Amino acid sequence: MPISSPVTRSRRAMMYVPGSDENKIVKSATLGLDCAILDLEDGVAFNRKDEARGVIRQALERVDFGRTERLVRINPLYSGRAEQDLAAVLPGKPDAILIPKADSAAIVVAVEKIISAFEQSQGWQEGEIALALLIESASAFVNLAEICRASARVQALVFGAEDFCADTGVTRTNSARELLYARSALVLHAAAFQLQAIDMVQINYRDTALLEAECRDAVELGFSGKTVVHPSQVGPVQRAFTPSDSLIAYAREIVHGAELAQRGGSGVFTHQGKLVDLPVVKRAEQILARARAAGIEV
Ligand code: COA
Ligand code: MG
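Residues numbered from 1 in each chain as written. Chains lettered and ligands numbered in written order. Predicted model: local features only at pLDDT ≥ 70, side-chain atom pairs only at ≥ 80, totals over all residues. Heavy atoms only, no water.

Peer 1: Just checking my understanding: could you explain the side chain of Ser 28 for this structure?
Peer 2: Considering the arrangement of structural elements, one finds Ser 28 in helix α1 (residues 22–28). Once residues within four sequence positions are removed from consideration, Ser 28 is found in contact with Met 15, Val 17, Leu 33, Ala 36, Phe 65 and Thr 68. (Helix = DSSP H or I, 4+ residues; strand = E, 2+ residues; numbered from the N terminus. Contact = heavy atoms within 4.5 Å.)

Below you can see the structure in the form of structure tokens.
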């Protein structure tokens, strides 16, 4: 989570759930998951798109997701399916739409317009349905600043590593060193535009050690969450993106120490032999905000 980013909603694990599979959708509502991505794109066969639209619409209307955010991943605009996807799912009032192949600002603006027109037609408060964007092509990275500015609804950038590799010729390895530039570019743009940065999927969903190593990298790179494809990945990912007890204790000491120092007329103080100045205090406040967003009392 970028320092400047307002942490209003925890998006530690965002799980793809095939939109054609009602059982998986129902299950996703029972896992204590931060975000369920009800998928109409790659997770659904071409001949089942219509059926999936209906299943998702019904689930939005009938399934109690509790605190789990309900996103719908529509098909790419260029596929000619996105308009029908939106027409089918918007009446169920999803919390957010995830736009795949968000390669240009024009794509974001086009989806935004459809959502705004629908909200107006229903008399709903405008702007309540958020946008998350899949950044997964070379073009998307080249256009990223413009894409981030395209709509005030945008709350999160999601890195789509598999499509990114297919688009660029990058070879995916377990170390993910080949993705460092792209992952960092995404985090920096998210920070600049006060958005959340969400990391790629680890498709090898049985390898928990690999997932945990990738989560540690993602936390250090500045991501605030990660996309997943299987329930077994939810626990490890949500733990990795929740500040630990010792980190929370440290952050409280820093914030408290800063208050005392300010009262005493000083902008800096020493904590366990290390100088603490404003950026360190900001980091500590951010850790506490992340913990609160994850439901921890601090
Ligand atoms: N969302 C919700 N529930 C899921 C799930 C998912 N993504 N993946 C698995 N489950 C459920 C299964 O239905 C099963 O439930 P049950 O015990 O109530 O029957 C349980 O979790 C265990 O699943 P498991 O048997 O280990 O896996 P599976 O063979 O059913 O499914 C995949 C494996 C990979 C097909 C499945 O995880 C999946 O579809 N993932 C999403 C893939 C996707 O959307 N990709 C596109 C984006 S990258
Ligand atoms: Mg994809």
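Peer 1: Quick question: what am I supposed to make of the packing of aromatic side chains here?
Peer 2: Each aromatic ring pair is specified by the distance between its two centres and by the angle formed by the two planes. Counting across every chain of the model gives four aromatic pairs. Look at Phe 118 and Trp 124: their rings are 5.5 Å apart centre to centre, the planes differ by 75°, and that puts the pair in the edge-to-face class. Given a relative accessible area of 18%, Phe 118 falls into the buried group. Ring centres of Phe 141 and Phe 164 lie 5.4 Å apart, and the angle between their planes is 75°; on these two criteria the pair is classed as edge-to-face. In this pair, Phe 141 is assigned in helix α5 (residues 138–142) and Phe 164 in helix α7 (residues 161–168), connecting sequence segments 23 residues apart. Owing to a relative accessible area of 9%, Phe 164 belongs among the buried residues under this scheme. (Phe/Tyr/Trp six-rings, centres within 6.5 Å; stacked < 30°, edge-to-face > 60°. Buried < 20%, exposed > 50% of the residue type's maximum accessible area, 1.4 Å probe, protein only.)

Peer 1: Where do I start with the side chain of Glu 41 in this structure?
Peer 2: Positionally, Glu 41 belongs in the loop between β2 (35–39) and α2 (49–62). Among the polar contacts listed, one links the side chain of Glu 41 to the side chain of Arg 73, at a separation of 3.1 Å. Dropping the residues within four chain positions of it, Glu 41 is found in contact with Lys 49, Arg 73, Ile 74, Asn 75, Pro 76, Pro 100 and Lys 101. (Polar contact = N/O pair within 3.5 Å; in protein donor to acceptor, adjacent residues only side chain to side chain.)

Peer 1: Before we go on, may I ask you to explain the environment of Leu 188 in this structure?
Peer 2: Relative to the assigned elements, Leu 188 resides in helix α8 (residues 180–192). Residue Leu 188 is classed as exposed on the basis of its relative accessible area, which comes to 59%. On a C-alpha basis, the gap between Leu 188 and Gly 222 in space is 8.5 Å, while along the polypeptide they are 34 residues apart.

Peer 1: Which parts of the structure should I look at to understand the coordination of the magnesium ion (ligand 2)?
Peer 2: Six octahedral donors around a metal ideally subtend angles of 90 or 180 degrees, whereas four tetrahedral donors ideally subtend 109.5 degrees. For the magnesium ion (ligand 2), the protein coordination sphere consists of Asp 42 (OD) and Asp 163 (OD), at 2.0 to 2.2 Å. A residue pair is termed long-range when its members are at least 10 positions apart, and Asp 42 in the loop between β2 and α2 and Asp 163 in helix α7 qualify at 121 residues. The class for Asp 163 is partly exposed, based on a relative accessible area of 25%. (Donors = N, O, S within 2.8 Å, 3.2 Å for Na, K, Ca; no water.)

Peer 1: What's the story with unusual backbone geometry in this structure? I'm lost.
Peer 2: Glycine aside, residues mostly have negative phi, and peptide bonds are mostly found in the trans state. A positive phi angle, near 45°, is found at Lys 101, a position not held by glycine. Tracing the backbone shows Lys 101 in the loop between β4 (96–99) and α4 (105–122). Even without a glycine there, the phi angle at Ala 176 is positive, about 60°. If you trace the backbone, Ala 176 turns up in the loop between α7 and α8. Judged by its relative accessible area of 4%, Ala 176 is buried.

Peer 1: Before we go on, may I ask you to explain helix α3 (residues 82–89) in this structure?
Peer 2: The periodicity of an α-helix, 3.6 residues per turn, causes residues three or four places apart in sequence to face the same way. Regarding α3, the residues found buried are Ala 82, Asp 85, Leu 86, Ala 88 and Val 89. On an axial view of α3, the arc spanned by its buried residues comes to 165°, and they lie on one face. Summarising the contacts, the buried residues of α3 are in contact with α2, β3 (69–73), β4 and α4. (Arc of directions from axis to C-beta.)

Peer 1: Looking at this structure, I do not really get the pattern of salt bridges. What am I missing?
Peer 2: Opposite charge on two side chains lets them pair, provided their charged atoms get close. For the structure shown, the criterion picks out 24 salt bridges. For the salt bridge of Arg 153 with Glu 119, the shortest nitrogen-to-oxygen distance reads 2.9 Å. Remark: Glu 119 occurs in helix α4 and Arg 153 occurs in the loop between α6 (144–149) and β6 (154–159); sequence separation between them is 34 residues. As far as burial versus exposure is concerned, Arg 153 and Glu 119 are alike and both buried. In this structure, Lys 226 and Glu 214 form a salt bridge, with 2.7 Å as the shortest nitrogen-oxygen distance. Separated by 12 residues along the polypeptide, Lys 226 in strand β8 (residues 225–228) and Glu 214 in helix α9 (residues 208–221) bring together distant segments of the chain. Across the pair, Glu 214 and Lys 226 agree in class, each one buried. (Salt bridge = Lys/Arg side-chain N within 4 Å of Asp/Glu carboxyl O.)

Peer 1: Is there a simple way to think about the pairing of β3 in this case?
Peer 2: Both faces of the sheet carry side chains from a regular strand, because those side chains alternate between them. Counting buried positions along β3 gives five out of five residues, so the element sits mostly inside the fold. Taking every second residue as pointing to the same face, both faces of β3 are buried, with Glu 69, Leu 71 and Arg 73 on one and Arg 70 and Val 72 on the other. The pairing of β2 with β3 spans five bridges and is classified as parallel. Looking at the pairing, Asp 39 lines up with Arg 73 of β3. Handedness of the crossover joining β2 and β3 through α2: right-handed. One ladder, built from three bridges, connects β3 with β4; its direction is parallel. Bridge assignment links Arg 73 to a residue of β4, and that residue is Leu 98. (Pairing = 2+ DSSP bridges. Right-handed = clockwise from strand over helix to strand, strands pointing away.)

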